[in-house]
Amino acid sequence: MQPEIIRIHKPGPKHRTTYYTTMVINLSEQHSLVSNWVAELRDTEIQVDRMRFRRNLERIGEVAAYEISKLLAWEEREITTPLGTSPSKMLKDQPVLATILRAGLPLHQGLLNYFDRADNAFISAYRKHHRDGTFEISLDYVSCPSLENRVVIVADPMLATGSSLVKTIQYLRDEGKPSEIHIVCAIACTVGIEYVHRSEPKVKIWCGAIDDELTAKGYIVPGLGDAGDLAYGTKQQM
Ligand code: URA
């Protein structure tokens, strides 16, 4: 699937259309198994099965890895087989797979299943909620290799406001200057896409679906609910 500039229809009196010049690749635009997996992630009857929920995220990560791999640098290698030699193409450099804990883990595992020699980075970014209903993004723990001149793929299942992703990417930039940054998510919200686009215009976004609405608390509508809770159970901390 080739990346392309996509057109998003926003609900409203005139059904405004936004054109993005950033790369947004909706993996279920041409219907495929990804559409099925996203539907299952959303479905209240199916999402109670946590193992299936995690696996569906993982499968989206696997497809995203496959599609992203088409854009990476490849090199010629002469491979020795039991019967001769074969001129072959091999991935030139391994990417760095970065995950926002904890909800990003299943998607990260899917990417890692395919980029199985990749280096990895883990970031704990969470929403610190205030009594007035607002929240700020707090970054606590970061474990990261050098990102200098590396392709970085950041996994976060829900691109909602985009604030945790942008904060994470800005933080990662202190670890070296990546050659490319990709975001992989299951569902992206138009508001979040716009925010990422304004803050990080060169980042490519790969998603399983695009939704138009966001609640005041930053949940995507129709979305799927809280991806971290559905994958791993509810937590005490807000
Ligand atoms: N995070 C989630 O888990 N779900 C949303 O809808 C938004 C952010």
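See the structure printed just above.
Values in this document were obtained by computation on a predicted structure and should not be read as measured data.

**What about the overall build of the chain?**
Item 1. Across its full length, the chain carries six helices and 14 strands.
Item 2. Taking 18 Å as the expected radius of gyration for a compact globule of 238 residues, we find that the chain reaches 18 Å, a close match to that expectation.
Item 3. Each principal axis of the C-alpha atoms in the chain carries an extent, and together these give about 65 × 40 × 35 Å.
Item 4. Buried positions account for 45% of the 238 residues belonging to the chain.
Item 5. Across the chain, the fraction of contacts at a sequence separation of at least 24, relative to all contacts at a separation of at least 6, is 61%.
Item 6. Counting every atom, the chain has about 12700 Å² of accessible surface; 51% of that belongs to carbon and sulfur.
Item 7. With 28 positive and 30 negative side-chain charges, the chain shows a separation of 3 Å between the mean positions of the two kinds.

**Describing the pattern of salt bridges**
Item 1. Applying the stated criterion to the full structure yields twelve salt bridges.
Item 2. Taking the shortest distance from any N to any O, the salt bridge between Arg 55 and Glu 58 comes out at 3.3 Å. With Arg 55 and Glu 58 both in helix H2 (residues 50-69) and three residues apart, the pair spans about one turn of that helix.
Item 3. Classification of Glu 58 by relative accessible area gives buried; the value is 18%.
Item 4. Beyond isolated ion pairs, a larger network of salt bridges with shared partners links Arg 102, Asp 226, Asp 229 and Lys 235.

**So, the environment of Val 34**
Item 1. Position of Val 34 relative to the elements: it lies in helix H1 (residues 33-42).
Item 2. If near-sequence neighbours (up to four positions away) are discounted, Val 34 is found in contact with Leu 27, Ser 28, Ile 60, Val 63 and Gly 208.

**Remarks on H1**
Item 1. Among the residues of H1, Val 34, Trp 37, Val 38, Glu 40 and Leu 41 are the ones counted as buried. Along the long axis of H1, the arc covered by the buried residues comes to 160 degrees, so they all point the same way.
Item 2. As for H1, its buried residues are in contact with H2, strand E11 (180-189) and strand E12 (204-211).

**Let's talk about unusual backbone geometry**
Item 1. Of note, the amide linkage connecting Leu 101 to Arg 102 takes the cis form, showing an omega dihedral of -5 degrees.
Item 2. Relative to the elements of secondary structure, Arg 102 occurs in the loop between strand E6 (96-101) and helix H3 (105-114).
Item 3. Note that the residue after Val 221, namely Pro 222, is joined by a cis bond; omega there is 0 degrees.
Item 4. Structurally, Pro 222 can be placed in the loop between strand E14 (220-221) and helix H6 (227-232).

**What about the site of the ligand?**
Item 1. Around the ligand, a shell composed of Arg 127, Met 158, Ala 160, Gly 218, Tyr 219, Ile 220, Gly 225, Asp 226 and Ala 227 is seen.
Item 2. In this structure, an oxygen atom belonging to the ligand sits 2.8 Å away from a main-chain N or O atom of Ile 220.
Item 3. Here the shell around the ligand is built from residues that sort into five nonpolar, two polar and two charged.

**Some details on the packing of H1 against H2**
Item 1. Two numbers describe how H1 lies on H2: the axes approach to 9 Å, and their chain directions differ by 150 degrees. The pairing of H1 with H2 is recorded here as roughly antiparallel in orientation. Once H1 is placed against H2, the crossing between them reads as left-handed. In contact with Val 34, Trp 37, Val 38, Glu 40 and Leu 41 of H1, H2 contributes Arg 52, Phe 53, Asn 56, Leu 57, Arg 59, Ile 60 and Val 63.
Item 2. Looking at side-chain class alone, the contact of H1 with H2 contains eight nonpolar, one polar and three charged residues.

**Quick notes on the state of the cysteines**
Item 1. This structure, assessed with the given rule, holds zero disulfides.
Item 2. In this structure Cys 144 is a free cysteine whose sulfur lies 20 Å from that of Cys 185, the closest cysteine sulfur available.
Item 3. Judged by its relative accessible area of 24%, Cys 144 is partly exposed.
Item 4. Cysteine Cys 207 remains unbridged, with the sulfur of Cys 185 as its closest cysteine sulfur at 5.2 Å.

What counts, and where the lines are drawn
- Residues numbered from 1 in each chain as written.
- Predicted model: local features only at pLDDT ≥ 70, side-chain atom pairs only at ≥ 80, totals over all residues.
- Heavy atoms only, no water.
- Helix = DSSP H or I, 4+ residues; strand = E, 2+ residues; numbered from the N terminus.
- Rg over C-alpha atoms; globule rule 2.2 N^0.38 Å.
- Buried < 20%, exposed > 50% of the residue type's maximum accessible area, 1.4 Å probe, protein only.
- Contact = heavy atoms within 4.5 Å.
- Areas by Shrake-Rupley, 256 points an atom, 1.4 Å probe, with all protein chains shown as cover.
- Lys, Arg positive; Asp, Glu negative; His and termini not counted.
- Charge placed at Lys NZ, Arg CZ, Asp CG, Glu CD.
- Salt bridge = Lys/Arg side-chain N within 4 Å of Asp/Glu carboxyl O.
- Arc of directions from axis to C-beta.
- Near = heavy atom within 4 Å.
- Polar contact = N/O pair within 3.5 Å; in protein donor to acceptor, adjacent residues only side chain to side chain.
- Nonpolar A, V, L, I, M, F, W, Y, C, P; charged D, E, K, R; others polar.
- Axes fitted to C-alpha atoms, helices over the stretch in contact; angles between N-to-C directions.
- Parallel < 35°, antiparallel > 145°, perpendicular 65-115°, else oblique.
- Left-handed = near helix turned anticlockwise from the far one by under 90°.
- Disulfide = S-S within 2.5 Å.

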